[in-house]
Amino acid sequence: MLPPAGSDANGVLHGFVRSNQGTLSTFDAPGAGTGAGQGTLPESNNTPGPIAGNYIDTNFVNHGFLFDQEASFHVFDVPGAGTGAGQGTIPLGNNNPGAITGEYIDGGNVIHGFLVQGL
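Every value quoted in this text rests on a predicted model; they were computed, and no experiment measured them.

Trainee: Explain the overall build of the protein to me, please; I cannot follow it from the model alone.
Mentor: Of the regular secondary structure elements, the protein holds zero helices and nine strands. Here the C-alpha atoms of the protein give a radius of gyration of 14 Å, agreeing with the 14 Å that 2.2 N^0.38 yields for 119 residues. Along the three orthogonal principal directions, the C-alpha set of the protein runs to about 45 × 40 × 20 Å. Residue burial in the protein is summarised as follows: out of 119 residues, 41% are buried. Counted over contacts in the protein with a minimum sequence separation of 6, partners at least 24 positions apart contribute 36%. Of the accessible surface of the protein, which amounts to about 6,600 Å², a share of 54% is contributed by carbon and sulfur atoms.

Okay, structure coming up:
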């Protein structure tokens, strides 16, 4: 069985970006776990370049991130997001004005939508 796309041979997820010259570079969000099924999972890329996604920590909890053009991470959890395995904040899209949308899973495993602006 092959590991999921974006994961290494140990099943750890890593983000990657491609430069204008075609060079691929990997990145990992601060706090991302290093075990199988953990790591960094980019979900949305936007011109001029911010990447929104989630990272899965060592307890299998999801947290949101925005990786900006200056290669800086902005990590966040939306209010009400659960802190158990499989719960947390999962960004799914971003746009040029800086809005990030996605879902969060609360402590009762109920899925909700969110909108964050201005990270």
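Picking up after the structure, the text goes on.
Trainee: Explain the pairing of strand S4 (residues 51-56) here, please?
Mentor: Along S4, six of the six residues are buried, which leaves the element largely enclosed by surrounding structure. Of the two faces of S4, the one lined by Ile51, Gly53 and Tyr55 and the one lined by Ala52, Asn54 and Ile56 are each fully buried. Examined bridge by bridge, strand S3 (residues 39-45) and S4 share six bridges and lie antiparallel to one another. From the neighbouring strand, Thr40 faces S4, where its bridge partner is Tyr55. For S4 and strand S5 (residues 62-67), the ladder comprises six bridges, and the chain directions are antiparallel. By the bridge assignment, Gly53 is partnered in S5 with Phe65. Following S4, the chain reverses through five residues before pairing antiparallel with S5; Phe60 in that reversal takes a positive phi of roughly 65 degrees.

Trainee: How should the nonpolar core be read in this particular structure?
Mentor: Nonpolar side chains tend toward joint burial in soluble globular proteins. In terms of nonpolar packing, the biggest core is built from nine residues, these being Ala52, Leu66, Phe76, Val78, Ala81, Ile100, Tyr104, Phe114 and Val116. At the level of elements, strand S8 (99-105) and strand S9 (111-117) are the ones that each hand at least two residues to this core. Grouped together as the second largest cluster of nonpolar side chains are seven residues, Ala29, Tyr55, Phe65 and Phe67 included.

Trainee: Can you help me understand the pairing of strand S2 (residues 24-27) in this one?
Mentor: Residues in a regular strand project their side chains so that they alternate between the two faces of the sheet. Relative to S2, strand S1 (residues 15-18) runs antiparallel, the two sharing four bridges. Among the inter-strand pairings, Arg18 is bridged to a residue of S2, identified as Leu24. Taking the residues that link successive antiparallel strands as the turn, the S1-S2 hairpin has five residues, and the phi of Gly22 there is positive, at about 95 degrees.

Trainee: It is not clear to me how the environment of Gly82 should be interpreted in this structure. Could you clarify?
Mentor: Relative to the helices and strands, Gly82 is located in the loop between strand S6 (73-76) and strand S7 (88-94). Looking at Gly82, the relative accessible area reads 8%, which means it is buried. Taking the C-alpha atoms as reference points, Gly82 and Gly35, separated by 47 residues in sequence, lie 21 Å from one another.

So, how was this worked out
- Residues numbered from 1 in each chain as written.
- Predicted model: local features only at pLDDT ≥ 70, side-chain atom pairs only at ≥ 80, totals over all residues.
- Heavy atoms only, no water.
- Helix = DSSP H or I, 4+ residues; strand = E, 2+ residues; numbered from the N terminus.
- Rg over C-alpha atoms; globule rule 2.2 N^0.38 Å.
- Buried < 20%, exposed > 50% of the residue type's maximum accessible area, 1.4 Å probe, protein only.
- Contact = heavy atoms within 4.5 Å.
- Areas by Shrake-Rupley, 256 points an atom, 1.4 Å probe, with all protein chains shown as cover.
- Pairing = 2+ DSSP bridges.
- Core = buried A, V, L, I, M, F, W, Y, C linked by side-chain atoms within 4.5 Å.

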